[in-house]
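The primary structure of each chain is shown beneath.
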Amino acid sequence: MKKILPLALASTLVALSISSALAEAPDRTECIAPAKPGGGFDLTCKLIQVSMQETGEISKPMRVTYMPGGVGAVAYNAIIAQRPAEAGTLVAFSGGSLLNLSQGKFGRYSESDVKWLAAVGTDYGIVAVRNDAPWKTLGELMEAMKSDPTKVVVGAGASIGSQDWMKTALLAREAGIDPRKMRYVAFEGGGEPVTALLGNHIQVVSGDMSEMVPHLQAGKLRVLAVMSDKRLPGELANVPTAKEQGYNVEWPIIRGYYLGPKVTDAEYQWWEDAFKKLVTTKEFQQQRDMRGLFEFNMFGNELDAYVKKQVADYREKAKSFGLAK
């Protein structure tokens, strides 16, 4: 046994060194944000675009492109069917992508048809109103909706059954409101409903905290509740959770990236190693914090297992609203 152990160790080191030698940085890199500019997918791509350049992980600037449609469905189908082997192309995903996958909204493809690569932060669902809105608490808003659901228009970045709809539907159900009676307007991406809210075309936005931070800092919005297990740190510490206001709803939203299904193991490994190194750098951490994201690092096989569990959990939630089989 003593003779075999060094030999086995040597073989492992040789295999690792071969894998490392085969894994080279892609010549050109691109991050696809599967929505219009200005929302969470855009934020996710810009995060990696800037921090990879700042840390020298890539030598040429990463391109960010936009492929809106179905909260990721169009991009998911495109990368699998048309661009499955592009080693330099990352696609941003979020918990909303996984929720739509759970309901079969990505067509014939499932959560097993891409290579889940890295999660680099988490966000949380929020409910926000204009700063001059009459509701100061989540309870006041829910009472107004309960009194007359037709007078409060909720806007969000995706259709009925999406995570933004699901967040408000869960709150409504907690408050004794029939979610089917909510007035809900669907937009494409997280930027448009905020614009509509500021223009007074809708009264409430169901969105993500990271998308609201700039508007909060400008004093234009009031976040009535964050759907985290406890209050968030720093300047967001004065925003109450839904739970502490009596509504047992949490909605964390991981943000990350996947690769096409035919990217080689060596190419995948290069990205995984690069991400593991990147998240430890102060440059990346500053960029993440600046975008209102919170630490959540997961890679490779661990992320793959997490994604598949989340999809299964979301499927059960969707079933409870009659949105999945």
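In the block above lies the structure referred to throughout.
Remember, it's a predicted structure, so these values are computed and weren't measured experimentally.

Novice: Please clarify how empty space enclosed by the protein should be interpreted in this entry.
Specialist: Regions of empty space are outlined by a rolling probe, equal in size to a water molecule, passed over the atoms. This structure, assessed with the given rule, holds three cavities of 30 Å³ or more. Space inside the largest cavity adds up to approximately 210 Å³. Looking at the largest cavity, it is lined by 19 residues, and the ones nearest its centre are F41, V71, G157, D164 and E211. Going through the elements one at a time, α2 (40-55) and α6 (163-174) are the ones with two or more residues in the lining of the largest cavity. The residue inventory of the lining of the largest cavity, partitioned by class, reads five nonpolar, nine polar and five charged.

Novice: Please clarify how the side chain of S228 should be interpreted in this entry.
Specialist: Mapping S228 onto the fold places it in the loop between β8 (221-226) and β9 (252-259). Side-chain polar atoms of S228 contact the backbone oxygen of K230, separated by 2.7 Å. Apart from the residues lying within four places of it in its own chain, the contact partners of S228 are Y124, T241, K243 and E250.

Novice: Help me understand α6 in this model?
Specialist: Residues separated by three or four positions in an α-helix point in the same direction, a consequence of the helix having 3.6 residues per turn. With twelve residues, α6 should reach 16 Å at 1.5 Å per residue; the first-to-last C-alpha distance of 16 Å fits that figure. Of all twelve residues that make up α6, ten are buried, and the element is covered over most of its length. Within α6, the full set of buried residues consists of Q163, D164, W165, M166, K167, T168, A169, L170, L171 and A172. G176 lies just past α6 and shows a positive phi near 85°.

About the cut-offs
Residues numbered from 1 in each chain as written. Predicted model: local features only at pLDDT ≥ 70, side-chain atom pairs only at ≥ 80, totals over all residues. Heavy atoms only, no water. 1 Å grid on protein atoms, 1.4 Å probe; cavity = no way out; pocket = protein on both sides within 12 Å on 5 of 7 lines; lining within 4 Å. Points joined across faces, edges and corners; volume = space filled by probe spheres on them. Helix = DSSP H or I, 4+ residues; strand = E, 2+ residues; numbered from the N terminus. Nonpolar A, V, L, I, M, F, W, Y, C, P; charged D, E, K, R; others polar. Polar contact = N/O pair within 3.5 Å; in protein donor to acceptor, adjacent residues only side chain to side chain. Contact = heavy atoms within 4.5 Å. Expected span 1.5 Å × (residues − 1). Buried < 20%, exposed > 50% of the residue type's maximum accessible area, 1.4 Å probe, protein only.

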